[in-house]
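Secondary and tertiary structure notes
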Amino acid sequence: MRDTIRFLRRGEIVELDNVGPTETLLDYLRLRLGQTGTKEGCGEGDCGACTVALGRLVKGRLVYQPVNSCILLLGMIDGAELVTVEDLAQDDRLHPVQRAMVDLHGSQCGFCTPGFIMSLFTLYHAENVTQTRKTVTDWLAGNLCRCTGYRPIVDAALETCFQATDDAFTWRANETREQLQYLADSRDIFVGDGDSFFSAPATLDGLAALYGQHPDATLIAGGTDVGLWITKHLRELPKMIWLGRIEGLDRVEDSPSGVLIGSTATYTATEKAVTGLSEDLGELWRRIGSKQVRASGTVGGNIANGSPIGDTPPALIALGSTLELQSVEGSRAIALEDFFLQYGRQDRKPGEFVTGLFVPRLSANQAFRCYKISKRFDQDISSVMGAFRFTVEEGLIVASRIAYGGMAGTPMRASNAEKALSGAELDDPSTWGDAMKALLSDFDPLTDMRASAGYRMETARALLAKALMEISGTAPGDIRISSRRGADNDRAA
Ligand SMILES: Cc1cc2nc3c(=O)[nH]c(=O)nc-3n(C[C@H](O)[C@H](O)[C@H](O)COP(=O)(O)OP(=O)(O)OC[C@H]3O[C@@H](n4cnc5c(N)ncnc54)[C@H](O)[C@@H]3O)c2cc1C
Ligand code: FES
Ligand code: FES
């Protein structure tokens, strides 16, 4: 057991024994250390002003990821290298990304600039990225600037981020790797006492025992939901259990039958495997939050929070996924759709937690589509999310799994539409009508600030038609915004 958290900064190991259960990394930097280079804008993961970089070993390689320090707990940087905007310049010599931002006039008031600089720093250190405007705009979608305009910032990125790295972090990379290896011990962390603590078990058994003892504790994985309970809802959460140190819980296992996703695997870590299951799933992943949110946020967290507008559950339900849960009493597996009981209530007993998810691969006679409808293309919550898997034999739809988000109090299957589609001819749109009508009896959506009930229903029906049209090849050409947007971005580069 360790009663401290440890991380690396400026080549030195920092060890802290006073870490509050809800203390954010941003508060640690600004309030405790007085290092105000990292800014606070929205305090909810949207604007990127608070972006810092975390270096971690991924299969032995040193990888820097951008994270929003406003919603990341201080304890969650245990085992990582922390890099902030104050750490980049060497003896008054600016880092290459800082130099490029100055030379290309990428800053005016400067409030957003430290966040942009840190996102650019992680792009500068990224491997296997192609030098296109789209790469840069995707990377920077979680950083907002309200006065400079993005063109000079994107130009600075294009000019500097795709060259061979040559900075102090590269020069001391071997030493950093050794230090990070030293920090990766397998002890449980517990800072505080029985009434108020930040803890991070190192094993599943340790988690089961601790959570069994404190079923009122808050589990936190990436913190991109829980962080907002702290900064926006001002909730008192005295007992915090971080899942990020549990060995093997972040596994991503790709096999001929499907993909096993451990509950703490992030969107970034799973993107390649899910894209292998379906291009649409990969596109959905790329549209979740921002680079920062995807680097911290987990698929397990998206499911466990039970939100009716979480993006991954409808897609994963339509694909026929199975959820794994565990507690001191043992483990069990359930169909993902059965986890969502009603708004705000999931099939999870006290002391039980999600360990992972199995997503089966499509068979040769199955086709899958999913669509996220939101007001903005990037960094936005869905109004409606629709996902469709059809099994087709000799031109007939013999089975379908249709699931929606944003249409009910939970992510939900459209069972009447599924039945109505059974036996429909894939190539004959006149046989799809009953399923379109049946959707009206499947859902009674709400009107809220994102969309009206009428809009939601019309959109749900249109998405079913779109999926059928795309799969049958009866769509009038390319009806995807994403492909046009990519082409526009690359033309502009
Ligand atoms: C700026 C921003 C943009 C976002 N954009 C999107 C978006 O486009 N689409 C979308 O769907 N979501 C979005 N989100 C929401 C969020 O990123 C996702 O829901 C994410 O997947 C949550 O994962 P996490 O690991 O951060 O969860 P956490 O915040 O750590 O936890 C979320 C919930 O799950 C519980 N939990 C976590 N792990 C487990 C476990 N193993 N067992 C049991 N309970 C567990 C926690 O107790 C909590 O109730 C966004 C959030 C932000 C801040
Ligand atoms: S302050 Fe806006 S993302 Fe953190
Ligand atoms: S320079 Fe002012 S907000 Fe970006």
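Throughout this description, residue numbers start from 1 for each chain and increase along the sequence as written. Chain A is the first chain written and ligand 1 is the first ligand written, with later ones labelled in order. With the structure being a predicted model, the display of local features is reserved for residues of pLDDT at least 70 and the display and counting of side-chain atom pairs for 80 or more, all residues being used for whole-chain, interface and lining totals. Hydrogens and water are ignored here; the side-chain numbers use all heavy atoms of the structure.

1. A closer look at the overall build of the chain
To keep things clear, this is the line we draw: Secondary structure is summarised from DSSP: a helix means a run of H or I of at least four residues, a strand means a run of E of at least two, and numbering begins at the N terminus for each. Throughout, radius of gyration means the C-alpha value; the globule benchmark is 2.2 Å times the number of residues raised to the power 0.38. For the exposure calls, accessible area comes from a 1.4 Å probe over protein chains only, and a residue counts as buried if that area is under 20% of its type's maximum, exposed if over 50%, partly exposed in between. His is not counted, nor are the chain ends, whereas Lys and Arg count as positive and Asp and Glu as negative. Positions of charges follow a simple convention, taking NZ of Lys, CZ of Arg, CG of Asp or CD of Glu.
Along its length, the chain carries 19 helices and 20 strands. At 23 Å, the chain has a C-alpha radius of gyration in line with the 23 Å of a compact globule built from 493 residues. Principal axes of the C-alpha set define a box for the chain whose edges measure 70 × 55 × 40 Å. For the chain, the residues scored as buried account for 55% of the 493 residues in total. Put simply, the chain has 51 plus and 64 minus side-chain charges, and the middle of one group is 3 Å from the middle of the other.

2. Focus on the sheet that holds strand β10 (residues 252–255)
Let me state the cut-off plainly: Pairing between strands is defined by DSSP: at least two bridges between them are needed. Between N-to-C directions, angles span 0 to 180 degrees; the directions come from axes that are lines fitted to C-alpha atoms, helices contributing only their stretch in contact. Whether two residues are in contact is decided by their heavy atoms, any of which lying within 4.5 Å being enough.
Pairing is antiparallel in the open sheet, where 5 strands are placed in the order β10-β11-β16-β12-β13. The strands lining the two open edges of the sheet, one partner per strand, are β10 and β13 (330–335). Across the sheet, the mean angle from the axis of one strand to that of its neighbour is 15 degrees, orientation sign disregarded. When strand β11 (residues 258–262) meets strand β16 (residues 353–360), the two strands line up antiparallel, connected through 5 bridges. Directly across from L260, in β16, lies its bridge partner F358. Contacts from helix α8 (residues 204–213) reach β12 (322–327) and β16, with the element oriented near 130 degrees to β16.

3. A few points about the site of ligand 1
Basically, it comes down to this: Whether a residue is near a molecule or strand depends on its heavy atoms: it is near if one of them lies within 4 Å of it. Think of a polar contact as two N or O atoms within 3.5 Å of one another; within protein, one of them needs to be a possible hydrogen donor and the other a possible acceptor, and neighboring residues in sequence only count if both atoms come from side chains. All residues other than Ala, Val, Leu, Ile, Met, Phe, Trp, Tyr, Cys, Pro, Asp, Glu, Lys and Arg, Gly among them, are scored as polar; the first ten of these are nonpolar and the last four charged.
Around ligand 1 lies a shell of 35 residues, among which L219, A221, T224, Y267 and T298 are the nearest. Within the contact set of ligand 1, an oxygen atom lies 2.5 Å away from a side-chain nitrogen or oxygen of T224. Between ligand 1 and the protein, one listed contact pairs an oxygen atom with a side-chain N or O atom of D225 at 2.7 Å. If you list the elements that add at least two residues to the shell around ligand 1, you get β8 (218–220), α9 (226–231), α13 (299–304) and β16. Across the shell around ligand 1, the residue classes tally to 14 nonpolar, 13 polar and 8 charged.

4. Some thoughts on the sheet that holds strand β19 (residues 396–405)
The strands that make up a sheet pair up through hydrogen bonds in the backbone, lying either parallel or antiparallel. What the 4 strands build is an open sheet, ordered β17-β18-β19-β20; its pairing is antiparallel. A strand with exactly one partner marks an edge of an open sheet, and here the two such strands are β17 (366–373) and β20 (412–413). Here 2 bridges tie β19 to β20, and the two strands are oriented antiparallel to one another. Considered in β20, the bridge of A403 is made with R413.

5. With respect to helix α11 (residues 279–286)
Three or more residues of α11 are buried, namely D280, L281, G282, L284 and W285. Residues of α11 that are buried make contact with α10 (267–277), α12 (291–296), α13, α14 (312–318), β17 and β18 (384–393).

6. Quick look at the environment of M407
Residue position: M407 is located in the loop between β19 and β20. The class for M407 is buried, based on a relative accessible area of 2%. Between the C-alpha atom of M407 and that of D442, which follows or precedes it by 35 residues, the distance is 9.3 Å.

7. A closer look at the side chain of H95
Secondary-structure assignment places H95 in the loop between β5 (81–83) and α2 (96–103). Within the structure, the side chain of H95 is placed 2.7 Å from the side chain of D167, a separation counted as a polar contact.

8. As for the packing of aromatic side chains
As a reminder of what qualifies: For Phe, Tyr and Trp, where Trp contributes only its six-membered ring, two rings pair if their centres lie within 6.5 Å, and the inter-plane angle classes them as stacked under 30 degrees, edge-to-face over 60, or tilted in between.
Enumeration over the complete set of coordinates arrives at 12 aromatic pairs. On the numbers, 6.2 Å between centres and 90 degrees between planes, the contact of F7 with Y28 is edge-to-face. On the criterion of sequence distance, the pair formed by F7 in strand β1 (residues 5–9) and Y28 in helix α1 (residues 25–32) is long-range, its members being 21 residues apart. Residues F7 and Y28 agree in their burial class; the two are buried. Ring centres of Y267 and W285 lie 5.8 Å apart, and the angle between their planes is 80 degrees; on these two criteria the pair is classed as edge-to-face. Highlighted residues: Y267 in helix α10 and W285 in helix α11, separated in sequence by 18 residues.

9. Examining the pairing of β13
Strand direction decides the pairing type here: β12 and β13, joined by 6 bridges, are antiparallel. Within the sheet, the bridge partner assigned to E324 lies in β13 and is A333. Linking two consecutive strands that pair antiparallel, namely β12 and β13, is a turn of 2 residues.

10. Quick notes on the domain arrangement of the chain
For the record, the criterion: Each domain's extent was defined by an automatic or database domain assignment. Buried area is a sum: the accessible area each of two parts loses on coming together, probed at 1.4 Å, counted once for each and added. For this analysis, a salt bridge means a side-chain nitrogen from Lys or Arg found within 4 Å of a carboxyl oxygen belonging to Asp or Glu.
Examined at the domain level, the chain breaks down into domain 1 (21–183), domain 2 (252–360) and domain 3 (366–481). Taking the mean C-alpha position of each, domain 1 and domain 2 sit 28 Å from one another. Between domain 1 and domain 2, the contact holds 14 residues from the first and 8 residues from the second. It is Q65, P66 and W139 that lose the most area in domain 1 upon contact with domain 2, and together they represent 45% of the buried surface on that side. Along the contact surface separating domain 1 from domain 2 lie 0 salt bridges.

11. A word on the environment of E352
If you trace the backbone, E352 turns up in the loop between β15 (345–346) and β16. Along the chain, E352 and G212 lie 140 residues apart, while their C-alpha atoms are 7.8 Å from each other.

12. Let's talk about the side chain of S374
Of note, S374 is situated in the loop between β17 and β18. Residue S374 is classed as buried on the basis of its relative accessible area of 17%. Looking at S374, its side chain comes within polar contact range of the side chain of R287, at 3.1 Å. Polar contacts involving the side chain of S374 include one to the main-chain carbonyl oxygen of R376, which spans 2.6 Å. Here S374 is in contact with R287, D380, I381, S382 and S383, once residues within four sequence places are set aside.

13. Regarding the packing of α2 against helix α3 (residues 113–124)
The criterion, for reference: Each angle gets one of four labels, with under 35 degrees taken as roughly parallel, over 145 as roughly antiparallel, 65 to 115 as roughly perpendicular, and the rest as oblique. Crossing handedness follows the turn of the near helix against the far one: under a right angle anticlockwise gives a left-handed crossing, and clockwise gives a right-handed one.
The contact between α2 and α3 brings their axes to 9 Å, and the two run at 125 degrees. By the angle between their axes, α2 is oblique relative to α3. You can see that α2 and α3 cross each other, and the crossing is right-handed. Facing P96, V97, Q98 and M101 of α2, the residues of α3 in contact are T113, F116, I117, L120, F121 and Y124. Of the residues that constitute the contact of α2 with α3, the class distribution is 8 nonpolar, 2 polar and no charged.

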